[in-house]
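Below, each chain spelled out in residue letters.
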Amino acid sequence: MARGRLRIYLGAAPGVGKTYSMLSEAHRRVERGTDCVVAFVEHHKRPRTEVMLHGLEQLPRKDLEYRGTVFTEMDVDAVLARHPQVALVDELAHTNVPGSRNEKRWQDVEELLAAGIDVISTVNIQHLESLGDVVESITGVRQRETVPDEVVRRADQIELVDMSPPALRRRMAHGNIYKSDKVDAALSNYFRPGNLTALRELALLWVADRVDEYLTEYRSDHRVSKIWGSRERIVIGLTGGPEGRTLIRRAARLAEKGAGGEVMAVYIARSDGLTSASPKELAVQRTLVEDLGGTFHHVIGEDVSSALLDFARGVNATQIVLGVSRRKGWQYVFGPGVGATVARESGPDLDVHLITHDEAGKGRGLPVARGARLGRSRIIWGWIVGVAGPVILTLLLNTVDLGLANDMLLFLTVTVAAALLGGLYPALASAAFGSLLLNYFYTPPIHRLTIADPRNIVALVIFFAVAVSVASVVDLAARRTHLAARLRAESEILSFLAGSVLRGETSLEALLERVRETFGMESVALLERESDVDPWTCAGSVGPRPCVRPEDADVDMPVGDNMALALSGRVLPASDRRVLAAFAAQAAVVLDRQRLQHEADQAKELAEGNRIRTALLAAVSHDLRTPLAGIKAAVSSLRSDDVAWSEEDQAELLEGIEDGADRLDHLVGNLLDMSRLQTGTVSPLIREIDLDEVVPMALGGVPEDSVELEIPETLPMVVVDPGLLERAVANLVENAVKYSPEGVPVLVSASTLAGRVEVRVVDRGPGVPDEAKERIFEPFQRYGDAPRGAGVGLGLAVARGFAEAMGGTLNAEDTPGGGLTMVLTVRSAGQLPLMSPDASATVVP
């Protein structure tokens, strides 16, 4: 069965019209004859949205009871049984009520898609998992309902539903989003113009990045090399010289002039010895470009100009920023330079900026070493000079008589020139050919190959020997220079690789992306298999269409017996395989490290679980057996026929049984709560409530005269789970009463601070030193072993866990004058709600 298609309406904030747009699309499809049903749409009592539901088939929802309240969720089984062509599922990031088929609604959607049902859904930008920290820094609220970015990125179509902040605030003021009693609070908090503008920009940039991914994939699939200036992307060509900082700052200013500009700094490591970079300076420039919001790239290229242009076209850049050459005027005789070459070959779609700087014209610091590598064109010129040079020189010397010694020096000059250009073999040919011409035209007898004077024979032999020696030395020097330059380039790459490891860039995907970028490949994949007969599996890959077998790759680098690095895009020269082998070995190490880290995390979880179980067994053996022993003794006494108990004695024994049962109930309750916190199954049901409705109920387990309560009537409502808040306060109060001196009541007060509500439980007990204030919140910790108390040391741990589950905090402070104060902080209703404004009343972390 073909997988269904997912369409998502993405908004910057609640109320922009995502659900309305989704229902409008549903009406259009129904009019075209498409089988479209409403699987779950929440109109939030918005009249216009509710009207749009008319005329659409709505599937029944599933009722679930949780903590005495009935909630409705999407009935996945009903949707699968109905199997429409298209299902509307609102609020993709919603967390289902405990007891549902799946924990998250996006998991329900995955089931529908796998069954071949197309799904249309909605989500706000603040619910994307990767943007949680960013949204919290903007709005001050941590979103608890999130959806993995990959789920949204895999959508077949993403449509942005946009609305300007003033228009959205007008909708809010007119009561089109929230009820009138919540409008003022919303406009003053979440829906402030600054918040909405920042969220809108976040949504636009996220969608723009997604569009850019589509564009990159399309250009790669269709092999489009022409620049498409859809977005300003500036590439900075760095040489490792001090002028790089100036170029980076200039490029950053250029990027700021255009919305969404992107800066990419690239250093080309060339193997011909023409560039010399300071690793320290490159590290400084890398830090600078990253601080300015750009990215740093390291690429190998035989020719700097070509490599830079290839990189710019590969990333669809629109501008290149280069510095004016540091070469002195006389050095331009060796060529126009990188800047002029890039400007000439960039084409009409790629702008090149040449930036002046203080180092311009001051020299490179190292001589320009043309000829460090004997390329094909140089070898051809070497043969031309070695063969045609002696002929041309002979024609010139036939017009003037300079003497045999001068003629030999001129022919030796031609041989040296051939060696400098083409290496050993053109120089040998030039020496041999020049010797014949000297013998035939200038050694008596002329125009004959015989030599009459023996001294001329010695002269010709010396000429040939000197020519061969000079050619050999020149060729050897050129090859060693190339080898040294190659090793230097390799050392730069390996140093950069080691620096990446030291900087903590240890993810396999980041390393593979570095390989792809360094060698200019289309895709890189790390393949592995269990044995020689097992199929290959992909441990990690980057780029489009990664290879699934080493045999399909343009370059494969084995790593051991059952692992290989497969690259596609072009064939690498053998000289690059040594560096590639280092990358491959590092990739294997990174993969092993990731797996070992995963195993270590699992082992840590097991060790923590074993520690909890060990402490639990110790607690069961001591704290639970004591009330059980008391209950057993009292029951045995009551059932004894040997003793006639008076009514007072029976009442006392029954009271002991009741007290022991209450202690057991309290201890078992804390153990179960701690177990729920450890397994992450605490599911708070957040709603607004007055604090004076919850706190008095938490005092039922302590004597009436042991607590003083001070809760002002002017306190705002709090956004909490009433049950969890009651249990947390009860544990705090019981702990305070346990340590407070006889006759000194515990004070429970509440106040507001910076838009939050603080509940303070103050006792006058012995207090806790600063170094132990965090340790007392750990499970099974009892400060001083509390001889007066009965418990397993879970009360404070459970209280903090419940507080954090509701988005609050719990900390310990010293009481002025002696004692300990527990400060429980929760959100007030006047602040931005803990739950999403677009979510239902059920909020589950």
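Within every chain, residues take consecutive numbers counted from 1 along the sequence as written. It should be noted that, the model being predicted, local features are given only for residues of pLDDT at least 70 and side-chain atom pairs only at 80 or more, the latter also being counted only at that level, while totals for whole chains, interfaces and linings use all residues. To obtain the side-chain values, all non-hydrogen atoms of the structure were included, while hydrogens and water were left out.

Asks: Tell me about the packing of helix α21 (residues 722-739) against helix α22 (residues 795-805), and name the residues and values.
Replies: Between α21 and α22, whose axes approach to 9 Å, the crossing angle comes to 150°. Taken together, α21 and α22 sit at an angle that is classed as roughly antiparallel. For the element pair α21 and α22, the recorded crossing hand is left-handed. Only Gly-795, Leu-796, Val-798, Ala-799 and Phe-802 of α22 make contact with α21, whose side of the interface consists of Leu-724, Arg-727, Ala-728, Asn-731, Leu-732 and Asn-735. Under the grouping applied here, Gly and all other residues not named as nonpolar or charged are polar, the nonpolar ones being Ala, Val, Leu, Ile, Met, Phe, Trp, Tyr, Cys and Pro and the charged ones Asp, Glu, Lys and Arg. Each residue belonging to the contact of α21 with α22 can be placed in one class, and the counts come to seven nonpolar, three polar and one charged. The axes used here are C-alpha line fits, helices contributing only the stretch in contact, and every angle between their N-to-C directions lies in the interval 0 to 180 degrees. Counting from the N terminus, the helices are DSSP H or I runs at least four residues long and the strands are E runs at least two residues long. Put simply, angles under 35 degrees are roughly parallel, angles over 145 are roughly antiparallel, angles from 65 to 115 are roughly perpendicular, and the rest are oblique. By definition, turning the near helix anticlockwise from the far helix through less than a right angle yields a left-handed crossing, and turning it clockwise yields a right-handed one. Contact definition: two residues touch when any of their heavy atoms are within 4.5 Å.

Asks: Please give an account of the sheet that holds strand β16 (residues 555-558) that cites residues and values.
Replies: Two strands make a pair as long as DSSP finds a minimum of two bridges between them. The strand order across the open sheet built from four strands is β15-β14-β17-β16, with neighbouring strands paired in antiparallel fashion. Because the sheet does not close on itself, it has two edges, and the strands there are β15 (537-542) and β16. Within this sheet the neighbouring strands show an average axis-to-axis angle of 20°, counted without direction. Relative to strand β17 (residues 563-568), β16 runs antiparallel, the two sharing four bridges. From the neighbouring strand, Pro-558 faces β17, where its bridge partner is Ala-564. Those strands touched by helix α18 (residues 508-518) are β14 (523-528), β15 and β17, and its axis lies near 60° from that of β15.

Asks: An account of a negative patch on the surface is requested, with residue identities and associated values reported.
Replies: Residues qualify for a patch when their relative accessible area is over 30% and they have no salt bridge, like charges being joined within 9 Å and the nonpolar side chains of Val, Leu, Ile, Met, Phe, Trp and Tyr within 5 Å. For every accessible area listed, the method is Shrake-Rupley and the probe measures 1.4 Å; residues are considered covered only by the protein chains on display. Any carboxyl oxygen of Asp or Glu within 4 Å of a side-chain nitrogen of Lys or Arg constitutes a salt bridge here. His is not counted, nor are the chain ends; Lys and Arg add positive charge and Asp and Glu add negative charge. Where a charge lies is defined by one atom per residue type: Lys uses NZ, Arg uses CZ, Asp uses CG and Glu uses CD. Together, Glu-647, Glu-648, Asp-649, Glu-652, Glu-655, Glu-658, Asp-659, Asp-662 and Asp-665 line one region of the surface with negative charge. Note that Glu-647 resides in helix α20 (residues 647-679).

Asks: I'd like a rundown of the environment of Leu-128, residues and numbers included.
Replies: In this structure, Leu-128 sits in the loop between β7 (118-124) and α5 (132-139). Exposure classes here rest on a 1.4 Å probe applied to the protein chains alone. A residue is buried below 20% of its type maximum, exposed above 50%, and partly exposed in between. Owing to a relative accessible area of 0%, Leu-128 belongs among the buried residues under this scheme. A C-alpha to C-alpha distance of 5.3 Å links Leu-128 and Val-147, two positions 19 residues apart in sequence. Look past the residues within four positions of Leu-128 in its chain and what remains in contact with it is Val-147, Asp-149, Val-152 and Trp-206.

Asks: Tell me what's going on with the pattern of salt bridges, and back it up with residues and numbers.
Replies: Using the criterion set out here, one finds 27 salt bridges in the structure. In this structure, Asp-156 and Arg-5 form a salt bridge, with 3.8 Å as the shortest nitrogen-oxygen distance. In this pair, Asp-156 is assigned in the loop between α6 (149-153) and β8 (157-161) and Arg-5 in the segment before β1 (6-11), connecting sequence segments 151 residues apart. A salt bridge links Arg-545 to Glu-522; the shortest N-O distance between them is 3.9 Å. Of this pair, Arg-545 sits in the loop between β15 and β16 while Glu-522 sits in the loop between α18 and β14; the two residues are 23 residues apart in sequence, bridging distant segments of the chain. Judged by its relative accessible area of 44%, Arg-545 falls in the partly exposed class. By relative accessible area, which is 27% here, Glu-522 ends up partly exposed. One salt-bridge network, held together by shared partners, links Arg-7, Glu-25, Arg-28, Arg-29 and Glu-159.

Asks: With reference to specific residues and values, describe the sheet that holds strand β22 (residues 756-762).
Replies: Taken together, five strands build an open sheet; the order of strands is β19-β21-β22-β24-β23 and the sheet is mixed. Looking at strand neighbours, the two that pair on one side only are β19 (707-710) and β23 (809-814), the edges of this open sheet. With direction set aside, neighbouring strand axes in the sheet form an average angle of 20°. Pairing geometry for β19 and strand β21 (residues 746-753), over four bridges, is parallel. In the sheet register, Glu-708 faces β21, and the bridge partner there is Leu-747. Packing of α21 onto the sheet brings it into contact with β19, β21, β22, β23 and β24 (820-827), and relative to β24 it is tilted by some 170°. Sheet strands touched by α22: β23 and β24. Its angle to β23, the strand with the most contacts, is close to 130°.

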